[in-house]
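# Secondary and tertiary structure notes
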Amino acid sequence: MTEKREEWGSRIGFILASLGMAVGTGNIWRFPRMVGTNDGGTFLIAYLIANLVWSAPLIMLEISIGKTTRLGTIGAFRDFMGRKNTWIGAWIGFTCLAIMFYYAVVLGWALRYFVYALTGTFKVGMDSEALWNSFIHNPSQTILFQFIAVLIGGFIVYRGVQGGLELANKIMIPALFVSLVIAGVWAVTLPGSGLGLQYYFVPQWASLANPKVWLNAFTQSAWSTGAGWALMLTYANYMKEKDDIGVNSLMIVFGDACGAMLGGLAVLPTVFALSATPQAAVEALKAGNTGLTFIYLAKLFPTMPGGQIVAAIFFLALSLAALSSLIPMIEVGVKNFIDAGFDRKKATLIISIGGFILGIPSAYSINFCDNQDWVWGVGLLISGLLFAIAGYKYGIERIRTEIINKTSDIYIGRWWTYCITLFPVMFAILFGWWVVQAISWYPDNWWNPFETFSVGTMVVQWAISAIIWFALNNWLADWIKAKSPHITVDVTKSAAKEAK
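Quick caveat: nothing in here was measured; it's all calculated off a predicted structure.

Let's shift gears to the overall build of the protein chain. A count of helices and strands for the protein chain gives 23 helices and 0 strands. In terms of overall dimensions, the protein chain is globule-like: its C-alpha atoms have a radius of gyration of 22 Å, near the 23 Å expected for 500 residues. By its C-alpha atoms, the protein chain is 70 × 50 × 50 Å across when sized along the principal axes. Classification of the 500 residues of the protein chain by burial places 62% in the buried group. Looking at the protein chain alone, contacts between residues at least 24 apart form 83% of all its contacts between residues at least 6 apart. Separation between the mean location of the 33 positive side-chain charges and that of the 27 negative ones in the protein chain comes to 6 Å.

Here it is in structure tokens:
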């Protein structure tokens, strides 16, 4: 029996939940690293442009599909693109869930380090690398905190849209931004932080000619905002009929950028102020997400005045960011089960238990976790391309005029159409760059599916997923019982013709 359709209680509730979706660990640990290793202020310029030409248009497209169909990924692509393309929605939905499996593990790491900070584990002179290794190679600890992460996220989704998703984000997102502001203000008061601020905000204009800066900026924008993840498609299911698409999308992208900027403000001045030289600071920023956050910063915080407090605030912010992004990933799976006739509680239990079990390998092995992050993180670029293809099939101008501008508080011009039209070109450049990178890492065995970051491991896992969902296409189309309230005629012109 299909549940009564849920809705956001208010516009601010939708905005905060959407910001929670967008502002994740990538804003706090990846963004500062990208700024630090891509010429600081120059990267900011490229990043803001990427938000306008990649992320904002794609999020508008996602919301348009979700609001129009009122279905999760499987049903949305069935009704928006036609029955024979149902499998595409399943591929996109599974890609998001595959990230959820290991993202709960990452939230578990943040929660563990928040507990470390509260209990005074971080001390001057401690071996932060040994602390990290002792935790990450202790499955009883990593799996326990992964379980706690799934339990918290599942409980919030279990409570529904207004009583769970909306209420939780009304608490979490203000707390997250306040935590980042406090950590940022504290960081800029450190002696020597001015060098970090100068590096952060002053562009090196010549670097705008460096393709690597632009490629990293577009990658950061795509991963940070969640554009093409199907998260916004799912959240858009619960929008009211008159809710705006254009302004809300721009607010989400702008809010995500603010979260990233605050994350950079908390990290970059700290690293520069407490490093021996600017070169040492940049080297620290190259240490990777886990290296920077759980090793280098954990070692730096105790050397700061009031560092224990700042450490607790920082890891609280990281935990809130990870949790607010984990919740919509769970909801992506739950919404598809609801569309198939399951009630929310049963659907949440299925996705939470399944997500915990399938996430155990990532909790057990850091190498497996890195592999999954690589495979499905790059896979999200393909998801974005598939959304653009859905837009082409339905009609890009038709979406802009009949869906987006129908209720938009501001007029969305043809720039949106041009951006979506050019999306395959941007995708080809960005995706091709990552493939070339991977080949350079494994010049002799880039094809090997058992190498952590190889091209082979991506292709094999994507292909297995695609083959399974393609084979199940007709079953999936029938499995989704719900129908779109706004699409009564298949976009292929004749559903009957397709059935033949």
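Turning next to the confidence of the model for the protein chain. Confidence in the prediction of the protein chain, expressed as mean pLDDT, is 92, and 97% of residues score 70 or more. With pLDDT under 50 throughout, residues 489–500 is counted as low confidence; its partners more than four residues away or in other chains account for 18 contacts.

Applying the stated criterion to the full structure yields 48 aromatic pairs. Residues F122 and F315 carry aromatic rings whose centres are separated by 5.8 Å and whose planes lie at 40 degrees to one another, so their mutual orientation is tilted. In this pair, F122 is assigned in the loop between α5 (86–118) and α6 (128–136) and F315 in helix α15 (residues 307–339), connecting sequence segments 193 residues apart. The two residues F122 and F315 agree in class, both being buried. Grouped by ring-pair contacts, the aromatic residues W29, W109, Y113, Y116, F122, W132, F135, F145, F294, F301, F314 and F315 constitute a single cluster. The lysine or arginine in question, R398, covers the ring of Y394, its NZ or CZ lying 3.9 Å from the ring centre.

Here D39, not a glycine, exhibits a phi torsion of approximately 65 degrees, which is positive. Positive phi, close to 60 degrees, is recorded for R70, a residue that is not glycine. Since its relative accessible area comes to 6%, R70 is described here as buried.

Attention shifts here to the environment of F94. Relative to the helices and strands, F94 resides in helix α5. Considered as a pair, F94 and T73 are 21 residues apart in the sequence and their alpha carbons are 9.3 Å apart. In this view, F94 contacts F101, W376, S465 and W469; residues no more than four positions away in its chain are not counted.

So, about the environment of L300. Turning to its location among the elements, L300 is positioned in helix α14 (residues 288–300). Separated by 176 residues in the primary sequence, L300 and V124 place their C-alpha atoms 8.2 Å from one another. If near-sequence neighbours (up to four positions away) are discounted, L300 is found in contact with T270, V271 and L274.

Moving on, we get to the packing of helix α2 (residues 25–37) against helix α10 (residues 211–225). Geometry of a packed helix pair, given as the angle between the helix axes and the separation of the axes. With their axes 11 Å apart at the nearest point, α2 and α10 run at an angle of 175 degrees to one another. On the basis of their axis angle, the class for α2 and α10 is roughly antiparallel. Contacts from G26, N27, R30, F31 and M34 of α2 reach α10 at N216, T219, Q220, W223 and S224. Across the contact of α2 with α10, the residue classes tally to 3 nonpolar, 6 polar and 1 charged.

Quick notes on the rules
The residue numbering used here restarts from 1 in each chain and proceeds along that chain's sequence as written. Local features in this predicted model are restricted to residues whose pLDDT is 70 or higher, and side-chain atom pairs enter the listing and the counts only when it is 80 or higher, whereas totals over whole chains, interfaces and linings include all residues. Hydrogens and water are ignored here; the side-chain numbers use all heavy atoms of the structure. A run of H or I in DSSP counts as a helix once it spans at least four residues, and a run of E counts as a strand once it spans at least two, with each numbered from the N terminus. The quantity called the radius of gyration is restricted to C-alpha atoms. Its globule counterpart is 2.2 Å times the number of residues to the power 0.38. Relative accessible area decides the class of each residue, using a 1.4 Å probe on protein chains only: under 20% of the type maximum gives buried, over 50% gives exposed, and in between gives partly exposed. Here, two residues are considered to be in contact whenever any of their heavy atoms come within 4.5 Å of each other. Note on charges: Lys and Arg go in the positive column, Asp and Glu in the negative column, and His and the chain ends are not counted at all. In this description, the location of a charge corresponds to atom NZ of lysine, CZ of arginine, CG of aspartate or CD of glutamate. The predictor attaches a confidence to each residue, and that confidence, scored 0 to 100, is pLDDT. The pairing test for Phe, Tyr and Trp rings, Trp by its six-membered ring, is centres within 6.5 Å, and the orientation test on the planes gives stacked under 30 degrees, edge-to-face over 60, and tilted for anything in between. Ring-over charges, as used throughout, are those where CZ of Arg or NZ of Lys falls within 6 Å of the ring centre and within 35 degrees of the ring normal. Orientation is described by axes fitted as lines to C-alpha atoms, over the contacting stretch for helices, and by angles from 0 to 180 degrees between their N-to-C directions. An angle counts as roughly parallel when it lies under 35 degrees, as roughly antiparallel when it exceeds 145, as roughly perpendicular when it falls between 65 and 115, and as oblique in every other case. Charged residues are taken to be Asp, Glu, Lys and Arg, nonpolar residues to be Ala, Val, Leu, Ile, Met, Phe, Trp, Tyr, Cys and Pro, and polar residues to be all remaining types, Gly included.

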